[in-house]
Amino acid sequence: MHAPTTIDSHSLWAEIARPQIHGYDMTDAAFISPYRFASTGDEKVTRVFDAPGGFVESLQALGVSTSTQDTSARPKGATVPPLGLSNRALGKAAEVSDVPVPHVANPAVDSISKAFTALPTEEELSTTTLWPEVEKVYGHGYEVSFRSQAHTEL
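Here we summarise the structure given alongside this text. Computed from a predicted model, the values in this text were never measured in an experiment.

## Side note on the sheet that holds strand β4 (residues 36-41)
Then, in step 1: Strand order in the open sheet formed by 4 strands is β3-β4-β5-β9, with antiparallel pairing between adjacent strands. The open sheet has two edge strands with one neighbour each: β3 (26-33) and β9 (133-137). Strand after strand, the sheet turns through a mean of 20° between neighbouring axes, direction not considered.
Then, in step 2: Pairing analysis gives 5 bridges linking β4 to strand β5 (residues 46-50), with the strands arranged antiparallel. By the bridge assignment, Ala38 is partnered in β5 with Val48.

## Structural notes on the environment of Tyr138
Then, in step 1: In this structure, Tyr138 sits in the segment after β9.
Then, in step 2: As for Tyr138 and Glu43, which are separated by 95 residues in sequence, their C-alpha atoms are 9.7 Å apart.

## What to know about the packing of aromatic side chains
Then, in step 1: Taken as a whole and assessed by the stated rule, the structure comprises 4 aromatic pairs.
Then, in step 2: Look at Phe37 and Phe49: their rings are 5.2 Å apart centre to centre, the planes differ by 25°, and that puts the pair in the stacked class. In this pair, Phe37 is assigned in strand β4 and Phe49 in strand β5, connecting sequence segments 12 residues apart.
Then, in step 3: The class for Phe37 is buried, based on a relative accessible area of 7%.

Thresholds applied
- The residue numbering used here restarts from 1 in each chain and proceeds along that chain's sequence as written.
- Given that this is a predicted model, residues contribute local features only at a pLDDT of at least 70 and side-chain atom pairs are listed and counted only at 80 or more, while totals for whole chains, interfaces and linings are drawn from all residues.
- The basis for the side-chain values is all heavy atoms of the structure; hydrogens and waters are excluded.
- We call two strands paired when DSSP finds no fewer than two bridges between them.
- Every helix listed is a DSSP run of H or I at least four residues long, and every strand listed is a run of E at least two residues long, numbered separately from the N terminus.
- Here an axis means a line fitted to C-alpha atoms, over the contact stretch when the element is a helix, while the angle between two N-to-C directions is reported on a 0 to 180 degree scale.
- Pairing of aromatic side chains here covers Phe, Tyr and the six-membered ring of Trp, requires ring centres within 6.5 Å, and sorts the geometry by plane angle: under 30 degrees stacked, over 60 edge-to-face, intermediate tilted.
- When accessible area is computed with a 1.4 Å probe and restricted to protein chains, residues below 20% of their type maximum are described as buried, those above 50% as exposed, and intermediate ones as partly exposed.

This is the structure:
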């Protein structure tokens, strides 16, 4: 996800999040609301993702959005199960005692969202900017594409 940012009075386009892990080639994506989007890929499943609280807070800190929104009801991040592409919402930030000791070779991976005050680094993009998947739509036997007639602003 890229956006025009304002850092130290400088405006530039920058990557601010990597909300989805791609197991298939993406074919289309569309925003449903400012903090929710749907995407589809060659697997012909449409997945809907919701922004975690840290991402919404980052938008204001990076000068992308001036709107204020209560982030307490938003998920804290996402978790990806082993051998899966369907990431689930984390209701709260994981504490050390909450993190299970892995008993399998491929444990689940947690992506805890945080508010950025500077542009995220490559490591932060790959580990803390995943959005939880909130819906999955099956039943598409053919290619899927979205048509949008309205542009949604953040």
